[in-house]
Amino acid sequence: MYKALIVDDEPKVRSGLTKLIPTLDAEWTVVGQAKNGNEALELVRREMPDLVITDIRMPNMNGLDLLNVLREYPVQVVILSGYGYFEYAKTAIRFGAFDYLLKPLKPDEVRDLLGRLKKEIRKPEAGAAAITADFHYVKLWKDWLLGIEDSADHLDRLRGQLPEGVSGYHIIAIDIEDFDELVTEDQWGDRQLVVFAVRNIVYEILHAREDVGSRFLFANASQIYFLLHGGPCPRDVYELMIYEVRRWVRISISVGISGRTGEFAELPRAFTEAREALLNRWIYGSGLVHEHGELARTSEGNAGNAPGYPSDLDEALVLALREGDEERVREVLRRFVGTVLEQNVVYPVFHGYCLQLLSSVVRYVHEQKITALVFQDELKPYEWFQVNFSADEFIRFVDELTAAAIEKAEWKKQQKHNRTLETAVSFIHRNYMHDISLNDVACKAGMSSSYFSSFFKQEMGMSFIEYLTQFRMDKAKNLMMDPDLKLYNISEMVGYQDVKYFSRLFKKTEGVTPGEYRQFFYRKDEDDEK
């Protein structure tokens, strides 16, 4: 008898298949039902079925997670899915599962599937065991290569999974581009599904080669890792991976390749090299093959022309910031990034140079004491120290950051000018009746006399003396409305001890003498009374 396990979160589907399978083929029996992957795994361990029919989307552990775990068991897996969700991904799924069934189920298709499965199960298990072995040690590979604590003892156990006499190792890292966007699309909608599709296409390409051995290591978020041993793969094999993944499932991937190591114990270093090579996609483009060391060799060939960090452009950008020249800042920024890219640096160097420039901009913002004004919700430069970014993304962010810095610095400068002007004007208004000078007011404003003179005229549209004189004359005109005040009294009250000098200034500014102004004022009052 052949044993089957049904896994689906819909009770009707589970009970329907449980009744249907024995009626279609008497050699099959259903040994259990599970509503999610966790329950199914427990049943698999207890019953050891020949077949697991699992829905692709379930709570807790879904069908794809379950399929990954079941790689360590001698069990065939059939994916069960609704047609609308599965149609786009079925080409990739066939690389991992034995086959698929589409809802609503058709008895003839189920009967045919059961017959084909019996033939497959009767085949010698050596080939299947060799393939499933790759997935049995995923956790150990991941812990060891990532340097998880207490993982050093995995080395000997993992070495034993490779053929004897193997020499020469490479690790390849594959990154799925636009991963977050893919998992939100209707045709995918599941992280495991995307990784599963890409992983199995690459797996098939590598296992088809006779000149190099390979095995799947593990997947981590959007990245998938494989180990190659024996001879190196030609570059066109990696380019074929990119092409086939795009052709079959319309996904773009980038490939990072480590340098060669002859020692198994050195694989963690090779793993780091593969990841570093993959980082170069941020500056040299996605959907490409990036080899560790290829840019370093290019840089060595041009060592005489490599200027290193362009500190002169760093200084020029900060100077343009201080001058408030936004157009100049934008131009220098692009020259800075272009200069770095012309050196064919590896991504960590590019990343470090960009962060060094960003630090200079941040330092300027702090020096200007406009940090709270500039670093709003959308502008958080410190977050850039924790993420990877492309040259275009960096330019766009620094453009926005420097524009905000210039705007806020100018605003703060204007506010400071306004406060300084208010201080000066307030001092004049409180002390106009005394013998005050330009130097007195400049000291109060915290400026030199010459600078204050220019500043005051620029802001007020007249010189300090012109403003003081006009203010005193306006006060004098108000005082002249009191008939009991003598002219010499008024002169002293507005800051002039010499009444004759006061009279000359009054006529110069108002066009009439103080006496004529008073006579006109009183006559006007008399006319109004008539």
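Residues numbered from 1 in each chain as written. Predicted model: local features only at pLDDT ≥ 70, side-chain atom pairs only at ≥ 80, totals over all residues. Heavy atoms only, no water.

Novice: Which residues make up the pattern of salt bridges, and what values do they have?
Specialist: Counting across every chain of the model gives 24 salt bridges. Between Arg116 and Asp99 there is a salt bridge, and its shortest N-O distance comes to 2.8 Å. Pair noted here: Arg116 is in helix H6 (residues 107–122) and Asp99 is in strand S5 (residues 99–103), with a separation of 17 residues, a long-range link. For Asp99, a relative accessible area of 18% puts it in the buried group. Across the pair Asp175 and Arg281 runs a salt bridge, and its minimum N-O distance is 3.4 Å. With Asp175 in strand S6 (residues 169–176) and Arg281 in helix H14 (residues 281–284), this residue pair connects regions lying 106 residues apart in the sequence. Judged by its relative accessible area of 4%, Asp175 is buried. Its relative accessible area of 10% is what places Arg281 among the buried residues. Each of Asp8, Glu10, Asp55 and Lys103 takes part in salt bridges that share partners, so that together they form one network. (Salt bridge = Lys/Arg side-chain N within 4 Å of Asp/Glu carboxyl O. Helix = DSSP H or I, 4+ residues; strand = E, 2+ residues; numbered from the N terminus. Buried < 20%, exposed > 50% of the residue type's maximum accessible area, 1.4 Å probe, protein only.)

Novice: Run through the sheet that holds strand S1 (residues 2–7), naming residues and quoting values.
Specialist: Sheet architecture is open: five strands sit in the order S2-S1-S3-S4-S5, paired in parallel fashion. Across the chains shown, the open sheet's two edge strands, defined by having one partner strand only, are strand S2 (28–34) and S5. Strand after strand, the sheet turns through a mean of 25 degrees between neighbouring axes, direction not considered. Packing against the sheet, helix H1 (residues 11–24) makes contact with S1, S2, strand S3 (51–55), strand S4 (76–82) and S5, and its axis sits at approximately 170 degrees to S2. (Pairing = 2+ DSSP bridges. Axes fitted to C-alpha atoms, helices over the stretch in contact; angles between N-to-C directions. Contact = heavy atoms within 4.5 Å.)

Novice: An account of the packing of aromatic side chains is requested, with residue identities and associated values reported.
Specialist: Under the counting rule described, the total for this entry stands at 26 aromatic pairs. When the ring of Trp141 is compared with that of Trp144, the centres are 6.1 Å apart and the planes differ by 50 degrees; the resulting orientation is tilted. In this pair, Trp141 and Trp144 are both assigned in helix H8 (residues 138–145), three residues apart and thus about one turn of the helix distant. Of the two residues, Trp141 and Trp144, both sit in the buried class. Note on Trp144 and Phe264: the rings are 5.3 Å apart at their centroids and 15 degrees apart in plane angle, and the pair reads as stacked. Linking Trp144 in helix H8 with Phe264 in the loop between strand S9 (253–257) and helix H13 (267–279), this pair joins segments that are 120 residues apart in sequence. Exposure remark for Trp144: the relative accessible area of 7% places this residue in the buried category. Put simply, the rings of Tyr432, Phe452, Phe455, Phe456, Phe464, Tyr467 and Phe471 touch in pairs and so form one group of aromatic residues. Above the face of the Tyr496 ring, Arg472 is positioned so that its terminal group lies 4.8 Å from the ring centre. (Phe/Tyr/Trp six-rings, centres within 6.5 Å; stacked < 30°, edge-to-face > 60°. Lys NZ or Arg CZ within 6 Å of the ring centre and 35° of its normal.)

Novice: I'd like a description of the confidence of the model for the protein, backed by residues and values.
Specialist: For the protein, mean pLDDT is 82; residues scoring 70 or higher make up 86% of the total. Within the model, pLDDT remains below 50 along residues 125–132, and this stretch shows three contacts once partners closer than five positions in the same chain are excluded. For the stretch residues 296–306, pLDDT sits under 50, and the model shows six contacts to residues farther than four places along the chain or on other chains. (pLDDT = per-residue confidence, 0-100.)

Novice: Summarise the environment of Lys413; cite the residues concerned and give the values.
Specialist: Relative to the assigned elements, Lys413 resides in helix H20 (residues 391–431). On the basis of relative accessibility, which here comes to 45%, the residue Lys413 falls in the partly exposed class. With 45 residues separating them along the chain, Lys413 and Gln368 place their C-alpha atoms 9.5 Å apart.

Novice: If you had to explain the side chain of His170 to someone new, which residues and values would you point to?
Specialist: For His170, the position within the fold is in strand S6. Here His170 is in contact with Phe226, Leu227, Leu228, Pro232, Ile257, Ser258, Gly259 and Arg260, once residues within four sequence places are set aside.

Novice: Can you lay out unusual backbone geometry for me, pointing to particular residues and giving the numbers?
Specialist: In most cases, non-glycine residues show a negative phi, while peptide bonds are predominantly trans. Across the junction of Lys103 and Pro104, the peptide omega takes the value -5 degrees, indicating a cis bond. Secondary-structure assignment places Pro104 in the loop between S5 and H6. Unusually for a residue other than glycine, Arg250 sits at a positive phi of about 60 degrees. Tracing the backbone shows Arg250 in the loop between helix H12 (235–249) and S9. For Asn344, which is not glycine, the phi torsion reads 55 degrees and is therefore positive. Along the chain, Asn344 turns up in the loop between helix H17 (326–342) and helix H18 (347–367).

Novice: Describe the packing of H18 against H20, listing the residues and the values that go with them.
Specialist: Where H18 meets H20, the closest approach of the two axes is 11 Å, and the angle between their N-to-C directions is 10 degrees. In terms of axis orientation, H18 runs roughly parallel to H20. Of H20, the residues touching H18 (which contributes Phe350, Cys354, Leu357, Leu358, Val361, Tyr364 and Val365) are Ala391, Phe394, Phe397, Val398, Leu401, Thr402, Ala405 and Ala409. Per-class residue counts for the contact of H18 with H20 are 14 nonpolar, one polar and no charged. (Parallel < 35°, antiparallel > 145°, perpendicular 65-115°, else oblique. Nonpolar A, V, L, I, M, F, W, Y, C, P; charged D, E, K, R; others polar.)

Novice: Tell me about the packing of helix H23 (residues 464–479) against helix H25 (residues 499–510), residues and numbers included.
Specialist: Between H23 and H25, the least distance of the axes is 10 Å, while the angle of their chain directions is 100 degrees. With respect to their mutual orientation, H23 and H25 come out roughly perpendicular. Here Thr469, Gln470, Met473, Ala476 and Lys477 of H23 lie close against H25, whose contacting residues are Phe502, Leu505, Phe506, Thr509 and Glu510. Each residue belonging to the contact of H23 with H25 can be placed in one class, and the counts come to five nonpolar, three polar and two charged.

Novice: Could you give an account of the sheet that holds S6, naming the residues involved and the relevant values?
Specialist: Taken in spatial order, the five strands make up an open sheet running S7-S8-S6-S9-S10, and their pairing is mixed. On the outer flanks of this sheet lie strand S7 (212–220) and strand S10 (289–291), each paired with one strand and no other. Shown here is a sheet whose adjacent strand axes are inclined to one another by a mean of 20 degrees, direction ignored. Judged from the eight bridges that link them, S7 and strand S8 (residues 223–230) form a sheet pairing that is antiparallel. Bridge pairing in S8 links Ala219 to Ile224. Contacts from helix H11 (residues 191–207) reach S6, S7, S8 and S9, with the element oriented near 15 degrees to S8.

Novice: Before we move on, could you go through the pairing of S2 and cite the residues and values that matter?
Specialist: In terms of strand pairing, S1 meets S2 through six bridges, oriented parallel. By the bridge assignment for S2, Ala4 is matched with Val30. Crossover S1 to S2 through H1 is right-handed. (Right-handed = clockwise from strand over helix to strand, strands pointing away.)

Novice: Break down H6 for me, with residues and values.
Specialist: The end-to-end C-alpha distance of H6 is 23 Å, a good match for the 22 Å that 16 residues give at a rise of 1.5 Å each. Val110, Leu113, Leu114, Leu117 and Lys118 are the residues of H6 that are buried. Within H6, the buried residues cover an arc of 140 degrees as seen down the axis, which keeps them to one side. Facing away from the buried surface of H6 by more than 90 degrees, the exposed residues are Asp108, Lys119 and Arg122. Residues of H6 that are buried in the fold lie against S1, H1, S2, S3, S4 and S5. (Expected span 1.5 Å × (residues − 1). Arc of directions from axis to C-beta.)

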